[in-house]
Each structure stands twice: as C-alpha cells, then as structure tokens.
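Chain by chain, the residues run as shown.
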Amino acid sequence: MNKQIYLDNAATTPVDKRVTKAMFEWQENNFGNPSSPHRHRQASKIKLEEVRDDVAASLGCLSKEIVFTSGGTESNNKAIIGACLANREKGNHLIVSAVEHPSVLATADYLEKTGFEISYLKPDETGLISMADLEAKVQPNTILLSMMYVNNETGVIFPIEKAGNFCKEKNIIFHCDAVQAFGKMDIDVNMLNADLFSFSAHKIYGPKGVGGLFVRDGIALEPISFGGGQEANKRAGTENLVGIIGLHKALELMQNRHEECQDISDLRNKLERKLGEQIPCCVINAKDVERSPYISNISFPGLDNQSLLLKMDLAGLSASVGSACSSGSIKQSHVLQAMGLEDAIINSAIRFSLGRFTRAEDIDAAIEIIAGLTTF
Ligand SMILES: Cc1ncc(COP(=O)(O)O)c(C=O)c1O
C-alpha cells in the first residue's frame with residue numbers, strides 16, 4: 001500500500017517522537033499524585049509547577065494564571081460559562097464570532113437557553129471580522145467577547161490585539177480561543193489584552209486530551225467541575241501530568257517556529273500555486289487576508305466535497321472540510337456559510353492543513369491526486 005499523505009494537521013498532528021519519549025520517561029519512573037500528602041507527591045508537584053512556569057513564560061503571564069485542562073474544548077467551555085456565570089449580575093449579553101469552533105458556539109447556545117443573550121459577529125466574504133461590527137454589537141449589558149485567534153477552517157488570523165484593546169476600554173471580558181495559534185505564533189497575552197486564552201497540545205505534536213487556559217489574575221470563573229481543589233481551586237480533578245509533560249515538550253519543540261513556519265508557508269504556497277495552474281476553476285478561500293501558513297481552504301466548484309474527500313482518502317490523501325463530527329461524518333462549513341460564499345463554493349470546499357512532518361514530495365503527490373480527481 002502506498003503511503004497515505006496526511007494534510008489534516010489542523011484536526012490533530014502526529015505526536016513528535018521526542019514528546020512520546022519525554023512522556024514515557026516520566027511515566028516509567030513516577031506516578032505520584034501532585035495533591036497527595038506524602039513524599040510520593042513531591043516529584044510530581046515540582047514537575048507540574050516547573051511546567052506551569054514554562055508555559056506561563058511562553059505566554060508572558062504569571063504561573064498562577066495557568067490552569068491545565070483536558071484540551072481546547074474544556075478550556076473554551078470553562079472560560080465562557082465560568083466567566084458568564086460569575087459576572088451575571090453585571091449583565092447577560094455576550095458577543096461571539098459566528099465562525100468560532102463548535103466548542104464555543106455550542107457553549108453560547110447552552111448559555112442562551114439559560115437566559116443569556118448572544119450577538120454574533122459575521123465575517124465579510126474575505127473571512128475577516130470587522131471592528132466596526134464589534135463596536136456596533138456592544139450593549140450596556142455586554143460582559144464577554146469570545147473571538148478566536150486563527151480560524152481552524154480558513155486559517156484567517158483575527159484582529160485579536162484590536163479586539164483586546166477595545167474590550168479593555170469597555171470593561172468587557174475578552175476570551176480568545178488560541179488553539180490553532182498556540183506554539184505557532186509569538187504570543188504575549190498582556191499585549192493582546194486577553195483575559196482568558198485557550199490552548200491545546202495536540203495541534204503542536206503533543207498528546208490529545210490535554211491543554212490549558214490562561215485566566216487573568218482577578219477574573220472570576222464559576223466552576224464547571226466540582227469535587228477537587230486542584231489547579232488552585234480553578235479546575236477540579238487530578239491533573240493529567242503525563243499529558244502536561246507532553247504539552248511542555250511539544251511547546252519547547254515549537255521554539256523553532258519561525259523556521260518551521262517559513263518551510264510550511266513555502267509548501268502551502270506551492271500547493272495553492274500548482275493547484276491554481278492545473279485546476280484553473282479552483283478557488284482559494286480567504287486568500288486575500290492574513291492567514292496562518294498551516295491551513296489552506298480550497299473549493300472545486302462543480303464537485304461535492306463529501307465524495308471528493310472520500311475519493312482522496314481512497315487515493316491516498318487525508319484532508320478535511322473542517323468540522324468533523326465524532327462519527328467522522330461531515331457537516332457543511334458554518335464558517336464559509338457565515339462568510340456569505342456561494343453554495344457551489346461551500347459545497348466543494350476542502351481544508352488542507354500542513355505540519356512539521358509534511359514534505360515537499362507529499363505536496364507533489366497530493367497535487368497529483370487532487371488534479372486527477374478534479375479535472376473533468
Ligand atoms: C479553534 C479550535 N478550538 C478548539 C478546538 C478543540 O480543541 P480540543 O480538540 O483540544 O478539545 C479545536 C480543535 O480542532 C480548534 O481547532
């Protein structure tokens with residue numbers, strides 16, 4: 001069987017062997033619970049706090065502002081529900097962008113059922129959110145804005161710094177889902193004026209099921225899990241220390257991000273250029289705005305993305321449309337819909353996402369497969 005080419009790194013990345021090694025070495029020699037009252041605790045507690053210090057330093061915040069979680073979904077749920085419930089007496093209105101990950105949009109739906117009012121920021125057809133729209137949506141009872149850093153379907157980079165400054169001026173809590181930016185971009189949560197900042201390990205070659213949330217000192221969060229005082233009473237449940245060690249190693253390896261980003265950007269550009277030459281009708285979505293080099297969203301008008309994905313898979317190429325359900329089935333993109341794109345573009349869009357282990361020959365082979373399946 002030929003090698004299956006993997007261009008779905010925005011869904012998850014392969015775990016870097018150096019990460020696996022660091023996790024394995026820890027697991028083989030340690031098992032203590034960082035909250036236990038005896039000596040077995042010590043090494044685990046020290047390690048946990050060392051990692052917390054390093055993660056905090058990478059985000060430019062204080063160690064006590066980092067809460068480890070089970071990943072981006074939990075961090076988003078916790079940040080939004082926690083902050084809204086803790087600030088309910090100040091207001092019941094929140095603003096979210098319409099192109100957020102389902103872990104934000106479904107959380108907003110849940111809050112709406114419990115009496116909160118939600119306003120959605122729609123992007124224009126380039127994929128960008130406008131600050132004017134944000135300003136127009138603010139009400140006297142607005143307590144929170146949730147806006148992602150990098151869109152997971154189009155790679156569009158949102159105006160996070162401007163949004164953060166604006167929220168600070170208006171005294172609105174600012175939550176940023178940075179799952180697709182963490183480790184890949186230079187981040188300082190204070191420069192961004194973020195109050196809550198979600199991240200995950202498995203998009204940067206770390207393990208699945210571990211991530212974190214920056215909670216600015218002084219921002220109150222109602223708990224969403226109960227029965228434990230871990231993480232300074234901010235997240236009940238024994239920490240997944242082996243996973244946290246994996247996150248730590250993965251983050252350390254991202255220190256070469258500038259070089260890696262340049263290589264990936266070259267590969268992404270090659271993919272888009274060659275596909276444009278070979279399939280003149282293909283459309284690169286959101287191509288005119290600042291984008292992450294890791295993600296390319298391309299439509300093949302006239303084709304159906306569900307069957308195209310299936311054929312690509314059979315031909316040896318794994319890609320995606322963005323929001324895969326746990327069953328592996330596909331929904332049409334709410335992101336491209338919110339951008340107001342035509343049905344022919346939405347229904348034929350495929351997300352190709354690159355990563356550290358993508359090679360030039362993978363891109364060449366992917367182009368050949370795609371061209372073979374899309375030329376009529
Ligand atoms: C932007 C964004 N937010 C949140 C998540 C959820 O993260 P996790 O898989 O760690 O729960 C993802 C995962 O695809 C994502 O892309």
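Here, the structure is the one placed above.
In this report, the structure presented in the accompanying data block is examined.

Another aspect to go through is the packing of helix α1 (residues 17-29) against helix α8 (residues 241-253). Where α1 contacts α8, the axes come no closer than 8 Å and their chain directions differ by 145 degrees. Between α1 and α8 lies a crossing whose hand is right-handed. Contacts between α1 and α8 involve Arg18, Val19, Ala22, Met23, Trp26 and Gln27 from the first element and Val242, Ile245, Gly246, Lys249, Ala250 and Leu253 from the second. When its residues are assigned to classes, the contact of α1 with α8 shows eight nonpolar, two polar and two charged.

Between its first and last C-alpha atoms α1 spans 19 Å; for 13 residues at 1.5 Å apiece the expected length is 18 Å, and the two agree. Along α1, the residues classified as buried are Val19, Ala22, Met23 and Trp26. Viewed along the axis of α1, the buried residues span an arc of 95 degrees, placing them on a single side of the element. Summarising the geometry of α1, the exposed residues directed more than 90 degrees from the buried face are Lys17, Lys21, Glu25, Glu28 and Asn29.

Our next topic: the sheet that holds strand β2 (residues 66-69). Pairing is mixed across the open sheet formed by seven strands, whose spatial order is β2-β8-β7-β6-β5-β3-β4. Each having just a single partner strand, β2 and β4 (117-121) make up the two edges of the open sheet. When strand polarity is set aside, the average angle formed by the axes of neighbouring strands in this sheet is 20 degrees. Alignment of strand β5 (residues 142-146) against strand β6 (residues 173-177), held across three bridges, turns out to be parallel. Within β6, the position partnered with Ser146 by the bridge is His175.

Rules and cut-offs
- Residues numbered from 1 in each chain as written.
- Predicted model: local features only at pLDDT ≥ 70, side-chain atom pairs only at ≥ 80, totals over all residues.
- Axes fitted to C-alpha atoms, helices over the stretch in contact; angles between N-to-C directions.
- Helix = DSSP H or I, 4+ residues; strand = E, 2+ residues; numbered from the N terminus.
- Left-handed = near helix turned anticlockwise from the far one by under 90°.
- Contact = placed C-beta atoms within 7 Å.
- Nonpolar A, V, L, I, M, F, W, Y, C, P; charged D, E, K, R; others polar.
- Expected span 1.5 Å × (residues − 1).
- Buried ≥ 20, exposed ≤ 12 C-beta atoms within 10 Å, placed from the backbone.
- Arc of directions from axis to C-beta.
- Pairing = 2+ DSSP bridges.

Remember, this is a structural readout, not a statement about activity or role.
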